[in-house]
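Descriptive structure summary
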Amino acid sequence: MNSRAPAGQVLSREPWAGAVILDAHAHVGPYHRFFVADPSGEAMVRVMDRCGVAGCLVSSLLAVELDADSGNEETAALCAAHPDRFAGYLVINPWQDPAGQLARWRDHPSFVGIKLHPDLHEYPLDGPRYAAVWEYAERTARPVLVHTWAGSPFDDLSHVDRVATDHPRAWILAGHSGVLPSSFDRAIDVARRNPRVLLELCGSHMHGRAIAEMVRAVGAGQVVYGSDFPFIDLRMSLGRVMFARLSEEDRAAVLGGTMLRLLSRPGPTGVPLLDRIGTSGTLAQ
């Protein structure tokens with residue numbers, strides 16, 4: 001007998017069961033800094049099914065750490081294998097021909113946004129090598145997920161603030177909201193000043209009180225659930241949102257509604273971004 005609960009059963013008894021859950025910060029592949037027992041798409045889907053998560057927006061860890069082109073191919077392959085569960089972020093390494101990467105992948109149906117990791121790439125978020133990214137983001141309305149770390153010389157929240165000020169039409173996800181609890185108030189201040197900066201919630205220091213404060217301060221339309229799955233268990237990040245003191249309307253927005261609205265905006269051809277990857281079923285609800 002299969003004792004595993006059917007998809008969504010864990011959430012089906014709870015008042016937030018009707019929310020479409022979209023993980024805005026996930027990855028594909030192994031990562032040398034963390035042990036991942038099984039980073040395959042099939043294993044990820046099993047966990048997603050168990051938790052009622054409709055879809056994940058993923059970027060390749062190979063692309064982030066070493067080889068942007070090969071890693072972006074890995075992301076495209078995962079999205080092609082599971083088109084109704086995954087959509088991709090195109091990783092841009094500022095040292096590996098950013099304009100060329102954008103030219104190759106910008107119209108590929110798997111990608112709905114861009115991922116930047118200035119800390120690992122040791123290049124400041126507001127540096128000129130990212131100019132093509134911000135021009136593209138403003139022109140296409142595609143979101144840019146940016147790793148942030150409080151105090152970093154490359155992607156502190158002050159870098160996000162400067163980029164958002166210089167590129168006011170770009171949608172920016174402040175990944176981890178600075179990571180450290182001491183940075184959360186600063187993240188809120190940046191989001192208040194820049195209405196297209198969204199606070200993303202994954203990280204080992206995030207907690208329910210901080211999530212509730214972010215929503216109170218800037219509204220659920222600027223706060224999004226992410227996990228860093230699979231090298232951080234999405235269940236931990238999901239539980240923080242589930243048990244934070246939020247209204248059910250706000251909880252539903254944070255869990256997926258805000259990102260779904262953002263990705264439903266017209267893309268470069270006037271077609272909503274999710275429609276460009278042919279999504280159906282759970283992810284497109």
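Residues numbered from 1 in each chain as written. Predicted model: local features only at pLDDT ≥ 70, side-chain atom pairs only at ≥ 80, totals over all residues. Heavy atoms only, no water.

A word on the overall build of the protein. Secondary structure assignment for the protein yields 13 helices and 8 strands. Looking at the protein as a whole, 57% of its 285 residues are labelled buried. Across the protein, every contact between residues at least 6 apart in sequence was considered, and the portion connecting residues at least 24 apart equals 75%. (Helix = DSSP H or I, 4+ residues; strand = E, 2+ residues; numbered from the N terminus. Buried < 20%, exposed > 50% of the residue type's maximum accessible area, 1.4 Å probe, protein only. Contact = heavy atoms within 4.5 Å.)

With that settled, the discussion passes to unusual backbone geometry. Pro-230 follows Phe-229 through a cis peptide bond whose omega is 10 degrees. Mapped onto the elements of the fold, Pro-230 is located in the loop between β8 (223-224) and α11 (234-242). A positive phi angle, near 75 degrees, is found at His-176, a position not held by glycine. Tracing the backbone shows His-176 in the loop between β6 (172-175) and α9 (184-193). What makes His-176 buried here is its relative accessible area of 6%.

Now for the sheet that holds strand β3 (residues 86-91). Across the sheet, which stays open at both edges, the 8 strands sit in the order β1-β2-β3-β4-β5-β6-β7-β8 with parallel pairing between neighbours. Of all the strands in the sheet, just β1 (21-28) and β8 have a single pairing partner and so form its edges. Both β6 and strand β7 (residues 197-200) contribute to a ladder of 3 bridges, which runs parallel. Within β7, the residue paired with Leu-173 across the bridge is Leu-198. In this fold helix α5 (residues 98-105) packs onto β3 and β4 (111-116), with an angle of close to 150 degrees to the strand it touches most, β3. (Pairing = 2+ DSSP bridges. Axes fitted to C-alpha atoms, helices over the stretch in contact; angles between N-to-C directions.)

This part is about helix α7 (residues 131-140). Residues of α7 that are buried: Val-133, Trp-134, Tyr-136, Ala-137, Glu-138 and Thr-140. Taken together, the buried residues of α7 touch α5, β4, β5 (144-147), α8 (157-166) and β6. Once α7 ends, the next one or two residues include Ala-141, with phi positive near 70 degrees.

The subject of this paragraph is the confidence of the model for the protein. Predicted confidence across the protein gives a mean pLDDT of 87, with 87% of residues reaching 70 or more. Segment residues 276-285: pLDDT under 50, and 29 contacts once partners within four positions in sequence are set aside and those in other chains are kept. (pLDDT = per-residue confidence, 0-100.)

With that settled, consider the pattern of salt bridges. Taken as a whole and judged by the stated rule, the model has 13 salt bridges. With a shortest N-O distance of 2.8 Å, Asp-49 and Arg-85 are connected by a salt bridge. Taken together, the positions of Asp-49 in helix α2 (residues 41-51) and Arg-85 in the loop between α4 (68-81) and β3 put the pair 36 residues apart, joining distant regions of the chain. Across the pair Asp-233 and Arg-235 runs a salt bridge whose closest N-O atoms are separated by 2.7 Å. In this structure Asp-233 comes out as partly exposed when scored by relative accessible area, which is 31%. Residue Arg-235 is classed as partly exposed on the basis of its relative accessible area, which comes to 46%. (Salt bridge = Lys/Arg side-chain N within 4 Å of Asp/Glu carboxyl O.)

Counted residue by residue, β1 has 8 buried out of 8 residues, so it is predominantly covered. In this sheet, strand β2 (residues 53-60) lies alongside β1 in parallel orientation, the contact comprising 6 bridges. What sits directly across from Leu-22, in β2, is Gly-55. Since β1 and β2 lie parallel, the crossover through α2 that links them has a hand, and here it is right-handed. (Right-handed = clockwise from strand over helix to strand, strands pointing away.)

Turning next to the packing of aromatic side chains. In the structure shown here, the tally under the stated rule is 3 aromatic pairs. Here the aromatic rings of Trp-105 and Phe-111 are separated by 5.4 Å at their centres, their planes lie at 75 degrees, and the arrangement is edge-to-face. The class of Trp-105 is buried, set by a relative accessible area of 5%. On the basis of relative accessibility, which here comes to 2%, the residue Phe-111 falls in the buried class. (Phe/Tyr/Trp six-rings, centres within 6.5 Å; stacked < 30°, edge-to-face > 60°.)

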